[in-house]
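# An overview of the molecular structure
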Amino acid sequence: MENPKQLGIYMDHAHANIMDVHADTSTLTSAVESELTTEVKQEIVTHGESHLHNKENHLQTKFYKKLADIIVKYDEVLLFGPTQAKNELINILSKDHLFSNIKMESHPSDKLHEHEQKEFVLNYFKDNK
């Protein structure tokens with residue numbers, strides 16, 4: 001495959017930084033936020049734990065759907081970050097045939113600043129050519 005479309009996503013359960021890779025540069029193209037904020041949790045906890053769990057699942061699914069809509073446009077995707085969210089997303093997407101031709105990998109990382117995230121993505125794709 002010539003010049004695969006490559007994407008890096010630094011993520012946790014509430015936030016994702018989307019980095020498009022072009023010609024040995026990585027550009028932060030956007031950020032995706034989950035609607036499950038601390039304020040929302042506090043608001044829905046008054047309705048009971050069951051309601052909170054259902055609402056959390058709904059909002060997490062919505063967050064992952066936003067990321068899936070971006071990922072489907074790429075050939076190679078690196079998911080990385082300090083939580084298990086990256087693995088959860090890969091597990092969900094691996095069940096969908098739309099993502100079967102996309103090379104997706106997840107790698108753990110510490111919390112990283114934006115410039116460190118870009119460097120992580122560039123090093124990953126440079127080392128995996």
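Residues numbered from 1 in each chain as written. Predicted model: local features only at pLDDT ≥ 70, side-chain atom pairs only at ≥ 80, totals over all residues. Heavy atoms only, no water.

### Considerations on the packing of aromatic side chains
Enumeration according to the criterion identifies four aromatic pairs in this entry. Their ring planes at 35° and their centres at 5.9 Å tell us that Phe-63 and Tyr-64 sit as a pair that is tilted. Just as Phe-63 is buried, Tyr-64 falls in that class too. Ring centres 4.9 Å apart and planes at 80° place the aromatic pair Tyr-124 and Phe-125 in the edge-to-face group. An identical accessibility class is assigned to Tyr-124 and Phe-125; each is buried. An aromatic cluster of at least three residues, connected via ring pairs, comprises Tyr-10, Phe-80 and Phe-120. The ring of Tyr-74 has Lys-5 lying over it, and the distance from NZ or CZ to the ring centre is 5.2 Å. (Phe/Tyr/Trp six-rings, centres within 6.5 Å; stacked < 30°, edge-to-face > 60°. Buried < 20%, exposed > 50% of the residue type's maximum accessible area, 1.4 Å probe, protein only. Lys NZ or Arg CZ within 6 Å of the ring centre and 35° of its normal.)

### Some words on the confidence of the model for the protein
Scored by pLDDT, the protein comes out at a mean of 87, with 81% of its residues at no less than 70. Averaged pLDDT values for the elements of the protein fall to 63 in helix H1 (residues 38-45) and rise to 97 in strand S4 (residues 76-81). (pLDDT = per-residue confidence, 0-100. Helix = DSSP H or I, 4+ residues; strand = E, 2+ residues; numbered from the N terminus.)

### Points about the pairing of strand S5 (residues 103-108)
Residues in a regular strand project their side chains so that they alternate between the two faces of the sheet. Judged from the six bridges that link them, S4 and S5 form a sheet pairing that is parallel. Looking at the pairing, Val-77 lines up with Met-104 of S5. In terms of handedness, the path from S4 via helix H3 (residues 85-93) over to S5 forms a crossover that is right-handed. (Pairing = 2+ DSSP bridges. Right-handed = clockwise from strand over helix to strand, strands pointing away.)

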